Amino acid sequence: MPRLHATTIAIDGQGVLIEGPSGAGKSDLALRLIDRGAQLVSDDYTEVQRSGDALVATAPATIMGRMEVRGIGIVDMLGAGPTPVALIVELSGEVPRLPEPRYRDIDGVTIAAVTLDAFTASAPIKVELALRRGLPA
């Protein structure tokens with residue numbers, strides 16, 4: 001089962017993979033989405049596996065139900081189970097103003113992708129908008 005350096009949350013049963021280097025804000029953005037009603041699937045590392053036409057995300061057993069909150073430490077958190085991935089969020093400080101629709105292929109499954117700055121106040125809302133559209137916001 002492939003393992004990605006990504007934090008994954010579930011919004012209404014749809015998975016959002018949040019990718020970026022250490023310190024880019026993966027857990028921070030996930031925490032703000034959780035505050036808006038999302039559920040943690042996996043923090044920092046996510047295992048993915050193709051199931052039919054879907055890519056399903058799960059947490060490695062060693063970190064299931066746990067999240068590293070910078071400045072606080074490791075916290076226990078109610079986690080979602082296996083969740084089909086519907087969106088990839090690539091974190092960057094440089095975000096295109098009017099992006100063309102983008103998609104990524106992981107294990108033969110095509111998934112919509114967007115680039116966002118995790119630390120902008122509107123980032124959680126942009127994730128929700130992109131997920132609803134299925135296309136970059």
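Shown above is the structure to which this text applies.
What counts as what
- Residues numbered from 1 in each chain as written.
- Predicted model: local features only at pLDDT ≥ 70, side-chain atom pairs only at ≥ 80, totals over all residues.
- Heavy atoms only, no water.
- Core = buried A, V, L, I, M, F, W, Y, C linked by side-chain atoms within 4.5 Å.
- Buried < 20%, exposed > 50% of the residue type's maximum accessible area, 1.4 Å probe, protein only.
- Helix = DSSP H or I, 4+ residues; strand = E, 2+ residues; numbered from the N terminus.
- Contact = heavy atoms within 4.5 Å.
- Pairing = 2+ DSSP bridges.
- 1 Å grid on protein atoms, 1.4 Å probe; cavity = no way out; pocket = protein on both sides within 12 Å on 5 of 7 lines; lining within 4 Å.
- Points joined across faces, edges and corners; volume = space filled by probe spheres on them.
- Nonpolar A, V, L, I, M, F, W, Y, C, P; charged D, E, K, R; others polar.

Novice: Explain the nonpolar core here, please?
Specialist: Across soluble globular proteins, nonpolar side chains have a tendency to be buried as a group. Residues I9, V16, I18, L29, L87, V89 and V127 are the most contacted members of the largest nonpolar core, which totals 25 residues. Mapped by element, the contributors of at least two residues to this core are β2 (6-11), β3 (14-19), α1 (26-35), β7 (66-69), β9 (83-91), β11 (109-116) and α2 (123-133). Setting aside anything within four residues of it in sequence, one finds V89 in contact with V16, L17, I18, E19, L29, V114, L116 and V127.

Novice: Would you explain the pairing of β3 in this entry?
Specialist: Strand residues, when the strand is regular, have side chains that alternate between the two faces of the sheet. The element β3 is largely enclosed, with a buried count of five among its six residues. Strand direction decides the pairing type here: β2 and β3, joined by six bridges, are antiparallel. By the bridge assignment for β3, A6 is matched with E19. Between β2 and the antiparallel strand that follows it, β3, lie two residues; D12 among them carries a positive phi value of about 50°. Note: β3 against β9, five bridges, orientation parallel. Its bridge partner being in β9, I18 is matched across the sheet by V89.

Novice: Mind showing me how you'd approach the layout of surface pockets here?
Specialist: To locate leftover empty space, one rolls a probe as large as a water molecule over the atoms. By volume, the largest pocket amounts to about 330 Å³. Surrounding the largest pocket, 16 residues form its lining, G23, S27, D28, E68 and R70 being those nearest its centre. Sorting the residues of the lining of the largest pocket by element identifies α1 and β7 as the ones contributing at least two each. With four residues, α1 is the single largest residue contributor to the lining of the largest pocket. Broken down by class, the residue content of the lining of the largest pocket amounts to five nonpolar, five polar and six charged.

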